[in-house]
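Residues per chain are reported as follows:
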Amino acid sequence: IMEGYIPEFDATIVTRILDAGGIIKGKSVCEDLCMSGNSFTSCTGPVLNAHDSSRSSSGSSSGSATLLALNEVDLAIGGDQGGSIRLPAAWSGVVGHKPTYGLVPYTGIVPMNITVDHVGPMARTVEDVALMLEVLAGYDDGLDPRQAPNLTVPEYTSQLTGDLSGMKVGLLTEGFGQELSEDDVDDMVRDAAHKLTSAGATVEEVSIPIHYPDGTHIWHPVAVEGIMQTMMTLNG
């Protein structure tokens with residue numbers, strides 16, 4: 001429906017990237033209505049995993065993650081309402097960051113629901129993600145109601161010291177051992193997290209019983225109702 005459409009105005013984050021000297025190479029594909037955690041619903045066809053074409057790249061920011069993994073771009077943007085930056089980043093071997101709610105303005109981006117909309121940076125390294133976040137983050141003069149006016153944006157790149165002394169990392173108990181979990185993946189995630197102890201962090205399991213399955217039951221009405229109101233009724 002929107003093929004060939006050129007918006008009259010840039011999204012705020014696009015303006016900020018251009019002002020910082022970035023070059024926009026194009027638009028990456030995403031899953032249909034941004035509603036799949038897999039990578040086979042986009043209008044142009046399946047987005048295959050950059051490392052193994054027999055596997056999914058995950059979604060819904062599947063195109064952004066795959067372009068990064070293929071070294072086609074240096075930086076990319078993803079949207080995240082339920083994992084859509086983090087999932088394809090993890091499955092594609094790149095870095096994706098879902099910012100704190102409201103940190104990065106959503107102005108000019110098609111919303112799903114104002115309570116869960118996030119947009120953030122993706123790249124091949126943590127350093128590049130931190131640099132891009134410095135450019136993207138900050139108050140948008142009241143144009144985005146998700147934002148508080150007292151937002152402060154630190155120099156994230158200067159905080160990448162490698163020293164995690166005093167920091168606590170929580171491993172969500174309910175995130176492991178579910179019916180769709182794979183034991184080897186659970187073990188790899190736990191092992192990777194515990195490697196942070198060598199940098200001074202404390203890694204502990206934390207239980208949030210409402211996370212699953214109640215969290216799924218809470219999220220779905222919010223997201224589906226949001227899509228009906230914003231993507232199909234108001235913007236459709």
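As shown above, the structure is provided for reference.
Report follows, based on the coordinates. Because the structure is predicted, anything quoted here is derived from the model rather than measured. (Residues numbered from 1 in each chain as written. Predicted model: local features only at pLDDT ≥ 70, side-chain atom pairs only at ≥ 80, totals over all residues. Heavy atoms only, no water.)

**Here's the deal with the sheet that holds strand β3 (residues 119-123)**
Move 1: In space, the 3 strands of this open sheet follow the order β1-β3-β2, with antiparallel pairing throughout. Edge positions in the sheet fall to β1 (75-79) and β2 (95-96), since each of these pairs with one other strand and no more. (Pairing = 2+ DSSP bridges. Helix = DSSP H or I, 4+ residues; strand = E, 2+ residues; numbered from the N terminus.)

**Observations concerning unusual backbone geometry**
Move 1: Omega for the peptide link from Gly 59 to Ser 60 comes to 15 degrees, which places this bond in the cis form.
Move 2: The topology assignment puts Ser 60 in the loop between α1 (12-19) and α2 (62-69).
Move 3: Residue Pro 213 is bonded to the preceding Tyr 212 through a cis peptide linkage, with omega at 5 degrees.
Move 4: Examined against the element boundaries, Pro 213 turns out to sit in the loop between β5 (202-206) and α6 (214-234).

**Points about the pairing of β5**
A regular strand places its side chains on the two faces of the sheet in alternate fashion.
Move 1: As defined by bridge partners, strand β4 (residues 168-172) adjoins β5 across 5 bridges and the pair is classed as parallel. Following the sheet pairing, Gly 170 is matched in β5 by Glu 204.
Move 2: The parallel pair β4 and β5 is bridged by helix α5 (residues 183-194), and the resulting crossover is right-handed. (Right-handed = clockwise from strand over helix to strand, strands pointing away.)

**Structural notes on a nonpolar patch on the surface**
Move 1: Residues Leu 33, Met 35, Val 224, Met 228 and Met 232 make up a contiguous nonpolar surface patch of about 400 Å² in total accessible area.
Move 2: Relative to the elements of secondary structure, Leu 33 occurs in the loop between α1 and α2.
Move 3: Since its relative accessible area comes to 34%, Leu 33 is described here as partly exposed. (Patch = residues over 30% accessible without salt bridge, like charges linked within 9 Å, V, L, I, M, F, W, Y side chains within 5 Å. Areas by Shrake-Rupley, 256 points an atom, 1.4 Å probe, with all protein chains shown as cover. Salt bridge = Lys/Arg side-chain N within 4 Å of Asp/Glu carboxyl O. Buried < 20%, exposed > 50% of the residue type's maximum accessible area, 1.4 Å probe, protein only.)

**What to know about the nonpolar core**
Move 1: One finds Ile 13, Leu 103, Val 104, Leu 133 and Leu 136 to be the most contacted residues of the largest nonpolar core, which totals 13 residues.
Move 2: Residue assignment for this core shows that the elements contributing at least two residues are α1 and α4 (126-136).
Move 3: Counting residues per element, this core draws most heavily on α4, at 4 residues.
Move 4: Grouped together as the second largest cluster of nonpolar side chains are 9 residues, Ala 65, Ala 69, Ala 76 and Val 94 included. (Core = buried A, V, L, I, M, F, W, Y, C linked by side-chain atoms within 4.5 Å.)

**Concerning α4**
Move 1: Along α4, the positions that sit buried rather than exposed are Val 129, Ala 130, Met 132, Leu 133 and Leu 136. Seen along its axis, α4 keeps its buried residues to an arc of 165 degrees; they face one direction.
Move 2: The inward-facing, buried residues of α4 contact α1, β1, β2 and β3. (Arc of directions from axis to C-beta. Contact = heavy atoms within 4.5 Å.)

**A short note on the side chain of Arg 16**
Move 1: Tracing the sequence through the fold places Arg 16 in helix α1.
Move 2: For Arg 16, which is buried and forms no salt bridge, the nearest opposite charge comes from Asp 140, at a distance of 4.2 Å.
Move 3: Setting aside residues no more than four positions away along its own chain, Arg 16 makes contact with Pro 105, Val 135, Leu 136, Ala 137, Gly 138, Tyr 139 and Asp 140. (Lys, Arg positive; Asp, Glu negative; His and termini not counted.)

**Overview of the pattern of salt bridges**
Move 1: Counted by the stated rule, this structure contains 6 salt bridges.
Move 2: Between Arg 86 and Asp 80 there is a salt bridge whose closest N-O contact spans 2.9 Å.
Move 3: Here Asp 80 falls in the buried class, since its relative accessible area comes to 0%.
Move 4: With a closest N to O distance of 2.7 Å, Arg 146 and Asp 144 form a salt bridge.

**What about a negative patch on the surface?**
Move 1: On the surface, a cluster of negative charge is made up of Glu 182, Asp 183, Asp 184, Asp 187 and Asp 191.
Move 2: Checked against the element boundaries, Asp 187 lands in helix α5.
Move 3: Residue class for Asp 187 comes out partly exposed when judged on its relative accessible area of 43%. (Charge placed at Lys NZ, Arg CZ, Asp CG, Glu CD.)

The values are spatial; any link to function lies outside them.
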